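Examination of the molecular architecture
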Amino acid sequence: EHFKIVTESGGTLNGTTNRDRTNYFETLPSNQLETALWLEADRMGFFLNAVTQEKFEIQRATVKNEKAQNYDNRPYGRFSEINSGGLYPYGHPYSWLTIGRVEDLDRVDVNDLKSFFLRWYGPNNATLTVGGDVDPKEVVKLVEKYFGVIPRGPAVEKMELDAPVLDQDRYVSYVDQNIRFPALLFTYPTVPRFHPDEAPLDCLAEILGQGKSSYFYKQFVKTQKAIQASANHPTSELAGEFFMFVLPFPGQTLADFETEMRTILTQFEEAGVTEEDILKFKANYESNTINGFATVSGKVSQLASYETFLGNPNAIKTDLERYMNVTK
């Protein structure tokens, strides 16, 4: 009934999961605040008794279908799974995707779900964020009313892991019937989110492989050697990854493109960075950050993220300064 109650109240809701957190979020008219808090407290504190084997099977089938749709049957969709397994040592929490493998989904049962929920989904391992046309004092009263009765879960310690280190280049290839054009992906292990090197590496990714002024666009796309060419630097709580991706036109070998990509890195090293590159990166980053706060949900999401990972919801100033202080 959760979805039904929210939608009939004029609201929307969803949930997302990544390597580091699960987000439940809903946007409702402000006079439905108590309804939203009641529903979320019900999910956190009183959910498990409602989970039957039948409901579990429905969700298992849904997740398996999502895995097939978004990964197994999508062109280049298995990249992320194979890449994670090759980059991180066995047993590292990033060495497999959060959605799991089909054999894991087949093996798990409703008791595994309940054990996981009881271990991690307690109030002492959650951040609750409310934003919008509300009275903060009233919000606190309602939160205490609905969440105050939920017992603490087991203690959750912050995990500290060394960054993965590859002692030599590692080559992994696979054949996918959904792919018409072979692609080449470089991945370098880098730093966790909020590390001092995160901002300059984000800048490097933009200069190398984002937009029509980037090295990759000029070298590969503009010359019609490749359909796509890009670089990105996503980071997570425990580690980061620097991606370089090229999708060549047919008739050229991936080995040739590997050589060219390495050559571009050498060219970049020799040519260096211009002040114009840095200014453009900072302007883009600042603009995207500000635009992200255009909605109530954008503000709330960022506050929740800072509180969860830094213990300070008001970290926007210091976070933005990291990027504004990047130098050549």
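Residues numbered from 1 in each chain as written. Predicted model: local features only at pLDDT ≥ 70, side-chain atom pairs only at ≥ 80, totals over all residues. Heavy atoms only, no water.

Here we come to the overall build of the protein chain. On a plain count of helices and strands, the protein chain comes out with 13 helices and 5 strands. Projected onto its principal axes, the C-alpha positions of the protein chain cover 60 × 45 × 40 Å. Expressed as a percentage of its 328 residues, the buried residues of the protein chain come to 32%. Contacts spanning at least 24 positions in sequence make up 69% of the contacts within the protein chain whose residues lie at least 6 apart. Counting every atom, the protein chain has about 20,200 Å² of accessible surface; 53% of that belongs to carbon and sulfur. Side-chain charges of the protein chain comprise 33 positive and 45 negative groups, with the mean position of each set lying 2 Å from the other. (Helix = DSSP H or I, 4+ residues; strand = E, 2+ residues; numbered from the N terminus. Buried < 20%, exposed > 50% of the residue type's maximum accessible area, 1.4 Å probe, protein only. Contact = heavy atoms within 4.5 Å. Areas by Shrake-Rupley, 256 points an atom, 1.4 Å probe, with all protein chains shown as cover. Lys, Arg positive; Asp, Glu negative; His and termini not counted. Charge placed at Lys NZ, Arg CZ, Asp CG, Glu CD.)

Another point: unusual backbone geometry. The backbone of Y76 sits at a positive phi, close to 65 degrees, despite the residue not being glycine. Relative to the assigned elements, Y76 resides in the loop between α3 (53–72) and α4 (79–87). Phi is positive for F194, close to 75 degrees, though the residue is something other than glycine. Secondary-structure assignment places F194 in the loop between β3 (184–190) and α8 (198–209).

In this section: the environment of E34. Topologically, E34 is positioned in helix α2 (residues 33–45). Relative accessible area serves as the criterion here: at 32%, E34 is assigned to the partly exposed category. Once residues within four sequence positions are removed from consideration, E34 is found in contact with L142, K145 and Y146.

Before going further, it helps to examine the nonpolar core. Membership of the largest hydrophobic core comes to 27 residues, with the highest contact counts inside it found for F216, F220, M244 and M261. Elements with a contribution of two residues or more to this core: β3, α8, α9 (215–221), β4 (226–232), β5 (240–248), α10 (254–271) and α11 (275–291). Top element by residues in this core is α8. It accounts for 6 residues. Residues L33, L37, L142 and F147 belong to the second largest nonpolar core, which totals 9 residues. (Core = buried A, V, L, I, M, F, W, Y, C linked by side-chain atoms within 4.5 Å.)

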